[in-house]
Amino acid sequence: MTGNTTSEPNLLARKRTYKRLMFGVLLGGVGLALLLREVLGYPLISEAVYWLGIVGFFAIGFGTSLTLFDERDRALERRASHLTLNIMAPVLATVASVGRLLPRLTDYALPAEIWPALYGVIAVYAVFGISYTVLRYQA
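As the structure is a computational prediction, the values presented were derived from the model and not from experiment.

What counts, and at which threshold
- Within each chain, residues carry numbers counting from 1 in the order of the written sequence.
- pLDDT decides what is reported in this predicted model: residues at 70 or higher carry local features, side-chain atom pairs at 80 or more are listed and counted, and totals for whole chains, interfaces and linings draw on all residues regardless.
- Hydrogens are left out, water is left out, and the side-chain values use all remaining heavy atoms of the structure.
- Salt-bridge detection follows one rule: a side-chain nitrogen of Lys or Arg within 4 Å of a carboxyl oxygen of Asp or Glu.
- Each helix is a run of DSSP H or I of at least 4 residues and each strand a run of E of at least 2, with the numbering of both proceeding from the N terminus.
- Summary of the burial criterion: residues with accessible area below 20% of their type's maximum are buried, those above 50% are exposed, and those between are partly exposed, where the area comes from a 1.4 Å probe applied to protein chains only.
- The start and end points of each domain follow an automatic or database-based domain assignment.
- A helix's residues, less one, multiplied by 1.5 Å, set its expected span.
- Here the arc refers to the set of directions running from the helix axis out to each C-beta atom.
- Here the bend at a residue is taken as the angle between two axes, fitted respectively to the seven residues that end there and the seven that start there.

### Section: the pattern of salt bridges
Within the structure shown, the criterion is met by three salt bridges. One salt bridge connects Asp73 with Lys19, and the closest N-O pair in it is separated by 3.1 Å. Here Asp73, found in helix 3 (residues 71–105), pairs with Lys19, found in helix 1 (residues 8–39); they are 54 residues apart in sequence, far enough to count as distant. When its relative accessible area of 22% is taken as the criterion, Lys19 is described as partly exposed. Its salt-bridge partner being Arg37, residue Glu38 comes within 2.9 Å of it at the nearest N-O pair. Accessibility expressed as a relative area gives 57% for Glu38, which makes it exposed.

And the structure:
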């Protein structure tokens, strides 16, 4: 008696392999770029390796005929994005408030390098708000 054979497990294994390869190339490029820049002191080569990792990520993702990400992945990304935005909002509000009050109440102040990062996070929320508003009133 012969059993039924299906390509489904093989397909899922191939998708998993491509996903791992995509993220491995991306993380490997970032890690190697950090090593080249911070430890070995090669900033130009570091930047080239960084971009090779990014291009490799997209080349693998768009270069395969398989659909690597499906509705389950999109639902997971939606939940993770929602959780991240909800966690970071009170963190941002607290750090910004402490950063403004700290020099007025104590002899300490947040390092000047913190403020551009805070404005970057504020920009993420601004883009979210604009995107949400556009999508809300588009329908």
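### With respect to the domain arrangement of the chain
Domains assigned within the chain are domain 1 (7–63) and domain 2 (71–138). Computed from C-alpha atoms alone, the centre-to-centre distance between domain 1 and domain 2 is 28 Å.

### Side note on helix 2 (residues 43–63)
Note that an α-helix has 3.6 residues per turn; residues three or four places apart therefore point the same way. Here helix 2 spans 29 Å end to end across 21 residues, near enough to the 30 Å set by a 1.5 Å rise per residue. Among all positions in helix 2, only Ser46, Val49, Gly53, Ile54, Gly56, Phe57 and Ile60 are buried. Considered in projection along helix 2, the buried side chains sweep an arc of 155 degrees and stay on one side of the axis. Counted as exposed and oriented over 90 degrees from the buried face of helix 2: Leu44, Leu52, Val55, Phe62 and Gly63.

### Examining helix 3
The end-to-end C-alpha distance of helix 3, which contains 35 residues, comes to 50 Å, matching closely the 51 Å that a straight helix rising 1.5 Å per residue would cover. Along its length, helix 3 shows its largest kink, about 25 degrees, at Gly99, and proline Pro103 lies within four residues downstream of that point. All of the buried residues in helix 3 are Asp73, Leu85, Leu92, Ala96 and Gly99.

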